[in-house]
Amino acid sequence: MQKYYTRPCNFYYGNYAKTLIKKGKALILAGNPNIAFDRLEIFQRKKKGIIQSNTYSINEVKNLQKKIRSLIDINLKKITSKRKSFCGLKFDRPQIMGALNITPDSFSDGGLFLNNSKAYNQVDLMIDSGANIIDIGGESTRPGSKVVNKENEWSRVKKIIIKIKKNFPKITLSLDTRKSYVMKKGIEHGINIINDVSGLNYDKKSFDVIHSKNVPFILHHMQGTPDTMQDNPRYEDALLDIYDFFEEKINYCLKKNYKRELIIIDPGIGFGKNLDHNLRIMSKISTFHSLGCPILIGTSRKRFIEHIVTKFDTPDRTGGTLASVLCGLLQGVQLFRVHNVKEINQGILVFKEILNKN
């Protein structure tokens, strides 16, 4: 069965983007007037192992076969439509998610914030450094990690959630968990967004909890489970296979009358992917705009950076993280999950200012 995928490309920024949009020479990306595009890359999955791609100007698309053009028109509507705000988040500008792991064994900051006062101080620092969202997790999902009992997981995060909501009532809180029990408890204590790295696959009750409370969630992709995901991950095409996963999950949610505008998608860099998979996804991440949802990436301190830089690796991998964030920013990615909030915010602010002056 043939299938087509639409990727906006050839981007313009700032004042020049606004001028092109006004003249009808380019289209707006995800309702953000500071980013425009005038070409599309069309992927065609013909049969197993055979994928073709061609690029067209937005005018040339009109000359394609009627069947293909109608599919592209549907995708273009999603690509250009404005992403609706929720939980105080506006998706016409970059949103920074600060990662806070209340665990003894997370790959980057495991054990650093098990103490409530240290955790709170880190939250205070991240908010002061420009974080729009704080993502709290009580279970490590690093490669090789094991499942934590749901009661233990909740006990790790409960006190800090209560303290943050009391002292920072306006900050958006995301809860990083795979378990419906922890989700329910978190929502009862003021959690705004659920971030399930299993893509709703671990606990079949998860979607029911999210849906019943009408809470936004991050639809994350992971091949396998944390303890197996890096055991020789395989895809026919990582980019398009993950797109298919998202499309199937989103359609399921829509059939249950859950709104598309409450879903954020995260392709899960490093979760069941090798270096080639990660680079394929990052280089063409704008493909996911045709799903009509805000896009989040979590590249902070990930192992793929070490695989690229080898002897130039550093403990925080701030340079590699920032490079990947700016790559996403150029393709209209709206949310970035990071550990070093101030440094990444600094890079985004300078980069945006340069782009918007052209």
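For clarity, every value in this text was computed on a predicted model and none was experimentally measured.

Caption draft 1: Just the environment of Ala36, in detail. Looking at the secondary structure, you find Ala36 in strand β3 (residues 32–47). Residue Ala36 is classed as buried on the basis of its relative accessible area, which comes to 0%. Between the C-alpha atoms of Ala36 and Asn59, which are 23 residues apart in sequence, the distance is 15 Å. Once residues within four sequence positions are removed from consideration, Ala36 is found in contact with Asn10, Phe11, Tyr12, Ala17, Ile21, Ala26 and Leu27.

Caption draft 2: Focus on the nonpolar core. Counting 77 residues, the largest nonpolar core has Ile136, Ile265 and Phe288 as its most contacted members. If sequence neighbours within four positions are ignored, Ile136 has contacts with Leu100, Ile102, Val157, Ile160, Ile161, Ile164, Leu173, Ser174, Leu175 and Asp176. Core analysis: the next-biggest nonpolar cluster, separate from the first, contains 17 residues, Ala30, Ile58, Val61 and Ile79 among them.

Caption draft 3: View of the sheet that holds strand β9 (residues 217–220). Spatial ordering of the open sheet is given by β10-β9-β8-β7-β6-β5-β12-β11, a layout of 8 strands whose pairing is parallel. Of all strands in the sheet, those with a lone pairing partner are β10 (263–266) and β11 (296–297), marking the two edges. Sheet topology note: the strand β7 (residues 172–176)/strand β8 (residues 193–196) ladder contains 3 bridges and is parallel. When the sheet's bridge partners are listed, Ser174 is paired in β8 with Ile193. Helix α4 (residues 150–167) contacts β5 (95–101), β6 (133–137) and β7 of the sheet and is inclined by roughly 180° relative to β7.

Caption draft 4: View of the packing of α4 against helix α5 (residues 180–188). Interhelical geometry of α4 versus α5 gives an angle of 30° and a closest axis separation of 9 Å. Here α5 runs roughly parallel to α4, going by the angle between their axes. α5 is crossed by α4, and the crossing has right-handed handedness. In this structure, α4 contributes Lys150, Glu151, Glu153 and Trp154 to the contact, and α5 contributes Tyr181, Val182, Lys185 and Gly186. Taken together, the residues that form the contact of α4 with α5 break down as 3 nonpolar, 1 polar and 4 charged.

Here is what the cut-offs are and how they apply
Throughout this document, residue positions are counted from 1 along each chain, in the order its sequence is written. Per-residue local features of the predicted model are confined to residues with pLDDT of at least 70, and side-chain atom pairs are confined, for both listing and counting, to 80 or more; whole-chain, interface and lining totals are unaffected and use all residues. No hydrogens and no water enter the side-chain calculation; it runs on all heavy atoms of the structure. For helices the rule is a DSSP run of H or I covering at least 4 residues; for strands it is a run of E covering at least 2, with both sets numbered from the N terminus onward. With a 1.4 Å probe rolled over the protein chains alone, any residue whose accessible area is under 20% of its type maximum counts as buried; one over 50% counts as exposed, and the rest are partly exposed. In this analysis, two residues are considered to be in contact whenever any of their non-hydrogen atoms come within 4.5 Å of each other. In this text, buried Ala, Val, Leu, Ile, Met, Phe, Trp, Tyr and Cys residues form a nonpolar core when linked through side-chain atoms within 4.5 Å. Between any two strands, at least two bridges found by DSSP are needed for them to pair. Axis geometry follows a simple rule: fit a line to the C-alpha atoms, using only the stretch in contact for helices, then measure angles between N-to-C directions, giving values from 0 to 180 degrees. Convention used here: angles under 35 degrees read as roughly parallel, angles over 145 as roughly antiparallel, angles from 65 to 115 as roughly perpendicular, and any remaining angle as oblique. Here a crossing is called left-handed whenever its near helix is offset anticlockwise from the far helix by less than a right angle, and right-handed whenever the offset is clockwise. Under the grouping applied here, Gly and all other residues not named as nonpolar or charged are polar, the nonpolar ones being Ala, Val, Leu, Ile, Met, Phe, Trp, Tyr, Cys and Pro and the charged ones Asp, Glu, Lys and Arg.

Everything listed here is a matter of coordinates, which is why it stays silent on function.
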